[in-house]
Structure formats: C-alpha cells, structure tokens
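Residue-level structural notes
As a plain string of letters, each chain reads:
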Amino acid sequence: MSFENLKRNRDQISKLVQAAEATGGEKKNYGDDRIWKPTVDKAGNGYAVLRFLPSAEGQELPWVRYWDHGFKGPTGLWYIENSLTSIGQPDPVGELNSRLWNSGIESDKDRARDQKRRLHYVVNALVLQDPSNPANEGKVMLYKFGKKIFDKIMDSMQPEFADESPVNPFDFWEGADFKLKIRNVEGYRNYDKSEFASSSSLYDGDEAKLEAVYNQLHDLSEFTDPKNYKSYDELKAKLARVLGEEALSSGAPTMAQERQMHEPAPAPYERSNGRAPFEPSTAESVPESDDDDTMSYFARLANEG
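Every chain begins its residue count from 1, and numbering advances along the sequence as written. Local features in a predicted model are, by the rule used here, given only for residues with pLDDT of at least 70; side-chain atom pairs are given and counted only at 80 or more, and totals for whole chains, interfaces and linings are based on all residues. To get the side-chain values, all heavy atoms of the structure are used, and hydrogens and water are removed first.

Let's shift gears to the pattern of salt bridges. The term salt bridge refers to a pairing of a side-chain nitrogen on Lys or Arg with a carboxyl oxygen on Asp or Glu at a separation within 4 Å. With the rule as written, the count across this model stands at eleven salt bridges. Across the pair Asp-177 and Arg-51 runs a salt bridge whose closest N-O atoms are separated by 2.9 Å. Linking Asp-177 in strand E7 (residues 176–185) with Arg-51 in strand E2 (residues 46–52), this pair joins segments that are 126 residues apart in sequence. Linking Glu-106 and Arg-113 is a salt bridge whose minimum nitrogen-to-oxygen distance equals 3.4 Å. Looking at Glu-106, the relative accessible area reads 45%, which means it is partly exposed. Classification of Arg-113 as partly exposed rests on a relative accessible area of 29%. Within this structure, Asp-32, Arg-34 and Glu-222 form a network of salt bridges that share partners. The way it works is that DSSP assigns letters per residue, a run of H or I at least four long becomes a helix, a run of E at least two long becomes a strand, and they are numbered from the N terminus. Classification of residues uses two cut-offs on accessible area relative to the type maximum, computed with a 1.4 Å probe and protein chains only: under 20% is buried, over 50% is exposed, and between them is partly exposed.

Looking now at helix H5 (residues 147–157). Buried residues of H5: Ile-149, Phe-150, Ile-153 and Ser-156, and no others. Along H5, the residues classed as buried sweep out an arc of 115 degrees about the axis, all on the same side. Pairs of residues are marked as contacts when any of their non-hydrogen atoms sit within 4.5 Å. Where H5 is buried, its residues contact E2, strand E3 (63–72), strand E5 (118–129), strand E6 (140–145), E7 and strand E9 (195–199). To be clear, the arc concerns the directions from the helix axis to the C-beta atoms.

A few words now on the environment of Asp-225. Mapped onto the secondary structure, Asp-225 falls in the loop between helix H6 (207–214) and helix H7 (232–243). On the basis of relative accessibility, which here comes to 24%, the residue Asp-225 falls in the partly exposed class. Taking the C-alpha atoms as reference points, Asp-225 and Ile-87, 138 residues apart in sequence, are found 7.7 Å from one another.

What follows deals with the packing of helix H3 (residues 92–102) against helix H4 (residues 106–114). Every axis corresponds to a line fitted to the C-alpha atoms, with the helix fit spanning only the stretch in contact, and the corresponding angles, defined between N-to-C directions, vary from 0 to 180 degrees. Two elements in contact, H3 and H4, have axes whose closest approach is 7 Å; the angle formed by their N-to-C orientations is 150 degrees. One element, H3, and the other, H4, form an angle in the roughly antiparallel class. The element H3 and its partner H4 pack so that their crossing is left-handed. Together, Leu-96, Asn-97, Leu-100 and Trp-101 of H3 and Asp-108, Lys-109, Arg-111, Ala-112 and Arg-113 of H4 make up the contact between the two elements. Classification convention: Asp, Glu, Lys, Arg as charged; Ala, Val, Leu, Ile, Met, Phe, Trp, Tyr, Cys, Pro as nonpolar; all other residues, Gly among them, as polar. Among the residues forming the contact of H3 with H4, the class breakdown is four nonpolar, one polar and four charged. Every angle not falling under 35 degrees, over 145, or within 65 to 115 is termed oblique; those three ranges are roughly parallel, roughly antiparallel and roughly perpendicular. For a crossing to be left-handed, the near helix must be turned anticlockwise from the far one by less than a right angle; the clockwise case is right-handed.

So this is what it looks like as structure tokens:
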C-alpha cells in the first residue's frame, strides 16, 4: 500500500475495536469450514438462531454422538483423541480410568476425572441468524454441542408440564427455531438461557426452499465411522508417551492394580435392595464432561500450563 492509499483508507477506531472483539470471540473452525461455531464478544456473550434439520437419506437419526478425551500428561504432552467407546470398542483411556476409579484411592479418582470422556453431539443446522458472522446466514452447517443443549432438545420433545405440547425440533414443518444464548458464568460458557421459539414451518413451508436445504445436508456417519478412529494399539502407545508410563505399553499392572492384588478382598454383604455396596465401575460410569466448546476448553488448559 502506498502512502497516499494509506491516507485515503485509514482504519477507523470502530473498525479496529470490532476486529479485536471478533478475534477474541473464537472464530476458528480448526480447518473444517462445514462446522459452525458460535462467536462471543469480549464479555463472553453470544447469540444466534439455528434450525436443527432432519435426518439425511439413509441416516436413522438427525444427530450422531461420540466421545473424546483431552488432557495434558505429566510429560507436558497432550492427549486429544476420539474414544473408541464411541463405536462400541474398548478404549485404553477408558480402561485406565476404570482401574483408577475402582482403586478406592481418592487421588486415583481425581486422575480419572481429569482424563474423563467428553460427550459431543453433531447435527445439521441451518444458520438463520449469526449477527457476528452474517456470511453464515442461510448456510447448512454442522453444529457440535454437548449434553446441556441436547437436554433442551429432549425437553422440547418430552415436555415436563401438561400445558406444553411436544415438538420435534428437527421437523421442517412443525419444528422450532433454536435461540442460542451464551453467557460467561464464572469463566465458563453457559447455555441455560437458550430456548426454542414457538413451533413454525421453516420458510413458511415453501417446498422448493425446503428441498434445497435438504439437498445440502452433510453426512453425519463420518463421526462414527471406524475408519476415522485410531486403533487400540495406536491409542495405547500414544497414551504411554503422554503419561510417560512404560507399563501402559508393556501391559504390566499399574500401581493401583498392584495394591489391589495384595489387599484382602472385603467381606461380601448386601444392601436392603439386594445390591452390593460397591460395584466395579466401567469406563462408561466414570463421570464425564459435557463442555460444549471442546477446543476453547483445551486452549484454556494449554494457556494455563
């Protein structure tokens, strides 16, 4: 740019402030431009309106569910991988967490919590309003979220009160727009004020427009396709590198396992309900996280380290 052009095209303060706020609002999509991510301002607040879309042809449900793990090991290395439990297979982190949780030692339970699975859902969504990124409006995009938003979906289909009618939010004709409202509460994104609008037809039921939207649906099966997951051995080797524990690679028992092998078994007895007071946990029963913004969560941990 020449000096003359610089004088003619000086950046205004408002433009710079707007750009700075947008930069702080997590616009990254981490290399996949199909994925829509909400933008928040410098106060951590955000707003958008989405319409969840029906299943594509050949897909049973309008959403898929998967789990991943994200934690930093004592080596300083990060473990960020999808969990094989998403596709019904044993996962090395899940197995390790089960052993830690069942050891009865609180420090082991803390470690299992730090390494817990994180739950994600993925849907096709039509972006109706995105004030921070209006270029997204009218696009069919993939939207990833956690259990909190999924609970709102389930609440719309299974209302709690008798004066509320069930709504299928994925339906073109009788669904409902979803008003995503994000607040910053104690340093975390909060979605409690998000809600569905009243039931309405998308595009007033204009079938030409609805068909055009339908033809843009993305295939969700890739998120649970086994070919997109690393093998058990690959994940176990990476876990060993991250934790710095050769025992994970060799299959040798962990310290917690060794303690269990040398401790006498507790005398069995039953509760009044017929169940034992302690039942070994599986990977699925270790408390999991439902943070709705995985990558910003990891970024925050990395910055803290």
